[in-house]
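Each chain, letter by letter, is given below.
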Amino acid sequence: MIVGVNALIVDDSPFARRIIRHHLTKFGCKVVGEAETAAQAVRLFGELRPELVTLDVMMPEIEGFDSLRAFRAMKQESPEVAMLVVSVVPFEKIRDTFMKEGALGYIVKPFNQFSFEPIRQKLVRVFHELAA
Amino acid sequence: MNQRNDSPNAAAISPVLDATVLAELREEDDELLRELIELFFAEVPMRVQRLRSEITQRNWSAAVIDAHTLKSTTATLGAMDMSALAAEIERTARDQAAGEVLTTAIDRLDAELARVLAALEQERAK
């Protein structure tokens, strides 16, 4: 369990957000916000200052922000934020781009019972002082 | 096409949905599964409709994103045939291939959606 980590979920699918919320809450995180566009994510990030963000890499560009631009904006605003990218299995290239930009890890879609376990372990390592 | 639906129990529940996937979700959290089914009804038909108009308008980048999301949303609830159809549309739209191929594909996706919604309706009633 990682208690006290505030998280922001960024995904244009309410269905996907619900699953991510379920797992983050199960880990002990507090989901403080959800964004359905990359631009909304950047705005909410500034307001909520979460320590953890999950970001879907395939979102339409709206108001000049796509996922990568939003990722960079959030990282620039708070370099220590833990960013997790969400991507579909065969998209290693896109995933690698985000990993090189400083993502902590990735969650693979479609979600199944194994999708979140590697992330839980990483979060426990990063937020070890908060892990119970 | 449906690789995971290979047990007798799975086949007995529904040929449209992979029962193993649904059982895993139910085991994880029954309430979560119920909510996901409701979200599926709210989101997926709208996204299929939007995908159809994106294909008609040859808006390939938007079509790729919607097909991509449909691919994973449907697979998450075990609708593997529908997921494969969405993946096919995503690939074709990515290559900006002939609209006629995609029109046929979206018709197949719509037909499969009707089957999936009917199967989920049964799950809802449980």
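The shown structure was predicted, so the numbers you read here are calculated from the model rather than taken from an experiment.

Calculation rules
- Residues numbered from 1 in each chain as written.
- Chains lettered and ligands numbered in written order.
- Predicted model: local features only at pLDDT ≥ 70, side-chain atom pairs only at ≥ 80, totals over all residues.
- Heavy atoms only, no water.
- Helix = DSSP H or I, 4+ residues; strand = E, 2+ residues; numbered from the N terminus.
- Rg over C-alpha atoms; globule rule 2.2 N^0.38 Å.
- Buried < 20%, exposed > 50% of the residue type's maximum accessible area, 1.4 Å probe, protein only.
- Contact = heavy atoms within 4.5 Å.
- Phe/Tyr/Trp six-rings, centres within 6.5 Å; stacked < 30°, edge-to-face > 60°.
- Core = buried A, V, L, I, M, F, W, Y, C linked by side-chain atoms within 4.5 Å.
- Pairing = 2+ DSSP bridges.
- Right-handed = clockwise from strand over helix to strand, strands pointing away.
- Buried area = accessible area lost by both parts, 1.4 Å probe.
- Salt bridge = Lys/Arg side-chain N within 4 Å of Asp/Glu carboxyl O.
- Polar contact = N/O pair within 3.5 Å; in protein donor to acceptor, adjacent residues only side chain to side chain.
- Axes fitted to C-alpha atoms, helices over the stretch in contact; angles between N-to-C directions.

Let's talk about the overall build of chain A
If you tally the helices and strands in chain A, you get five helices and five strands. When the helices and strands of chain A are listed from N to C terminus, the series reads β-α-β-α-β-α-β-α-β-α. The C-alpha radius of gyration computed for chain A amounts to 13 Å, which stays within 12% of the reference 14 Å derived for 132 residues, consistent with globular compactness. Along the first, second and third principal axes, the C-alpha set of chain A runs to 40 × 35 × 30 Å. Relative to its 132 residues, chain A shows a buried fraction of 51%. Excluding contacts between residues fewer than 6 apart, the proportion of contacts in chain A whose partners are at least 24 apart in sequence is 62%.

Structural notes on the packing of aromatic side chains
All names here are of chain A. Taken as a whole and assessed by the stated rule, the structure comprises three aromatic pairs over all chains. Consider the rings of Phe71 and Phe98, whose centres lie 5.3 Å apart with planes at 80°: the pair is edge-to-face. Of the two residues, Phe71 is situated in helix H3 (residues 67–77) and Phe98 in helix H4 (residues 92–100); the sequence distance between them amounts to 27 residues. Relative accessible area serves as the criterion here: at 0%, Phe71 is assigned to the buried category. Overall, Phe98 belongs to the buried group, its relative accessible area being 4%. On the numbers, 5.4 Å between centres and 35° between planes, the contact of Phe111 with Phe116 is tilted.

So, the environment of Leu109 of chain B
All names here are of chain B. Examined against the element boundaries, Leu109 turns out to sit in helix H6 (residues 99–124). Distance from Leu109 to Arg52, taken between C-alpha atoms, is 9.7 Å for residues 57 residues apart in sequence. Setting aside chain neighbours within four positions, we find Leu109 in contact with Val48, Leu51, Leu70, Met82, Leu85, Ala86 and Ile89.

A short note on the side chain of Thr74 of chain B
All names here are of chain B. Checked against the element boundaries, Thr74 lands in helix H4 (residues 60–76). Judged by relative accessible area, Thr74 falls into the buried class, the value being 0%. Contact partners of Thr74, with chain neighbours within four places excluded, come to Phe40, Ala79, Met82 and Ser83.

So, the nonpolar core
Core analysis: the largest hydrophobic core is formed by 79 residues, its most contacted members being Leu24 and Leu52 of chain A together with Phe40, Leu51, Leu77, Ile89 and Leu109 of chain B. When residues of this core are assigned to their parent elements, the largest contribution, 10 residues, is made by helix H3 (residues 30–56) of chain B. Those residues in contact with Leu52 of chain A that lie beyond four places of it in its chain are Val5, Asn6, Ala7, Leu8, Leu24, Cys29, Val81, Ala82, Leu84 and Leu123 of chain A.

Things to note about the pairing of strand S1 (residues 6–10) of chain A
All names here are of chain A. In terms of burial, S1 is largely enclosed, as four of its five residues are buried. In this sheet, strand S2 (residues 30–35) lies alongside S1 in parallel orientation, the contact comprising five bridges. Paired with Asn6 across the strands is Lys30, a residue of S2. Read as a crossover between parallel neighbours, the route from S1 over helix H1 (residues 14–27) to S2 is right-handed. Note: S1 against strand S3 (residues 52–56), four bridges, orientation parallel. Paired with Leu8 across the bridge in S3 is Val53.

A short note on the interface of chain B and chain A
In this assembly, 22 residues from chain B lie in contact with 18 residues from chain A. Each partner contributes to the roughly 1,800 Å² buried at the junction of chain B and chain A, and carbon and sulfur atoms together form 64% of this total. For the salt bridge of Lys26 of chain A with Glu28 of chain B, the shortest nitrogen-to-oxygen distance reads 2.5 Å. Here chain B is connected to chain A by six residue pairs in polar contact (both at pLDDT 80 or more). If you list the elements that add at least two residues to the side of chain B that touches chain A, you get helix H2 (19–28), H3, H4 and helix H5 (80–94) of chain B. In terms of residue count, the dominant contributor to the side of chain B that touches chain A is H4 of chain B (nine residues).

Comments concerning the sheet that holds strand S4 (residues 82–88) of chain A
Residues and elements named next belong to chain A. Strand order in the open sheet made by the five strands is S2-S1-S3-S4-S5, with parallel pairing throughout. Across the chains shown, the open sheet's two edge strands, defined by having one partner strand only, are S2 and strand S5 (105–109). Geometrically, the sheet is characterised by an average inter-axis angle of 20° between neighbouring strands, direction not taken into account. Bridge count between S3 and S4: five bridges; the pairing is parallel. Note that in S4 the partner of Val53 across the bridge is Met83.

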